[in-house]
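Residue-level structural notes
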Amino acid sequence: AQKITQTQPGMFVQEKEAVTLDCTYDTSDQSYGLFWYKQPSSGEMIFLIYQGSYDEQNATEGRYSLNFQKARKSANLVISASQLGDSAMYFCAMREVSGGGADGLTFGKGTHLIIQP
Amino acid sequence: NAGVTQTPKFQVLKTGQSMTLQCAQDMNHEYMSWYRQDPGMGLRLIHYSVGAGITDQGEVPNGYNVSRSTTEDFPLRLLSAAPSQTSVYFCASSFSKPGLGEQYFGPGTRLTVT
């Protein structure tokens with residue numbers, strides 16, 4: 001089973017609208033971290049936001065917020081007031097603290113977001 | 001701080017050749033890792049290290065070797081390149097567990113094996 005599922009391969013959104021990018025995850029760990037990265041066409045991986053499994057409040061970073069619903073194992077990224085520069089691939093990722101497997105990030109397949117003027 | 005640096009940016013190899021992708025960080029991070037990104041996919045973990053002298057395998061380790069002789073450097077060696085290793089390679093670093101904060105990525109190396 002996939003550990004990170006991003007169900008939206010592509011999205012078109014009008015400039016200035018809010019965007020929600022979906023991410024669901026699968027883990028039996030109690031302690032884990034959830035991440036969102038942006039990858040523009042230039043190829044670099046840009047960290048956007050992080051949520052720890054024990055954090056009670058949803059993480060926010062400027063126009064980005066993470067809608068964390070632990071019981072549903074959901075970690076959606078919300079971008080408020082989208083801009084043309086937000087057009088990029090967006091990846092959801094998870095790092096499990098105590099799972100016996102490899103220690104690293106597990107990524108979803110990404111969502112290609114295109115902001116239209 | 002330069003952050004995480006990777007060299008080269010681009011590389012073309014012939015099947016069977018070997019090479020080393022370089023990765024360095026100047027943030028005194030204990031944890032370093034290598035990922036590969038294939039078209040239409042997220043990144044997949046190749047190898048990682050939780051400190052100097054300690055390395056371990058990730059999800060897709062076959063065909064790659066790593067070593068960690070210093071905190072700063074974490075080179076990735078392709079022993080005998082194959083076309084299936086054509087990919088973009090990213091190195092990343094972070095503070096080790098239990099801190100689960102941001103992983104810092106290098107700019108990537110685009111490798112083509114013909």
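Described in the following lines is the structure provided in the data block. Source: prediction; values computed, not measured.

Of the residues lining the interface, 21 residues belong to chain A; the matching set on chain B comes to 22 residues. Summing the contributions of chain A and of chain B, the shared interface buries around 1800 Å²; its carbon and sulfur component is 60%. Put simply, chain A and chain B have zero salt bridges between them. The tally of links from chain A across to chain B stands at six residue pairs in polar contact (both at pLDDT 80 or more). At the level of elements, strand 5 (32–39), strand 6 (46–52) and strand 10 (88–96) of chain A are the ones that each hand at least two residues to the side of chain A that touches chain B.

All names here are of chain A. Here Gln-51 is to be found in strand 6. In terms of polar contacts, Gln-51 uses its side chain to reach the backbone amide nitrogen of Ala-59, at 2.8 Å. Leaving out residues up to four positions away in the same chain, Gln-51 has contacts with Tyr-32, Gly-33, Leu-34, Gln-57, Asn-58, Ala-59, Leu-66 and Phe-68.

Thr-7 of chain B connects to Pro-8 of chain B through a cis peptide bond whose omega is -5°. Positionally, Pro-8 of chain B belongs in the loop between strand 1 (4–7) and strand 2 (10–13). Unlike most non-glycine residues, Lys-16 of chain A shows phi in positive territory, near 80°. With a phi close to 60°, Asn-28 of chain B is a non-glycine residue in the positive phi region.

Definitions and cut-offs
- Residues numbered from 1 in each chain as written.
- Chains lettered and ligands numbered in written order.
- Predicted model: local features only at pLDDT ≥ 70, side-chain atom pairs only at ≥ 80, totals over all residues.
- Heavy atoms only, no water.
- Contact = heavy atoms within 4.5 Å.
- Buried area = accessible area lost by both parts, 1.4 Å probe.
- Salt bridge = Lys/Arg side-chain N within 4 Å of Asp/Glu carboxyl O.
- Polar contact = N/O pair within 3.5 Å; in protein donor to acceptor, adjacent residues only side chain to side chain.
- Helix = DSSP H or I, 4+ residues; strand = E, 2+ residues; numbered from the N terminus.

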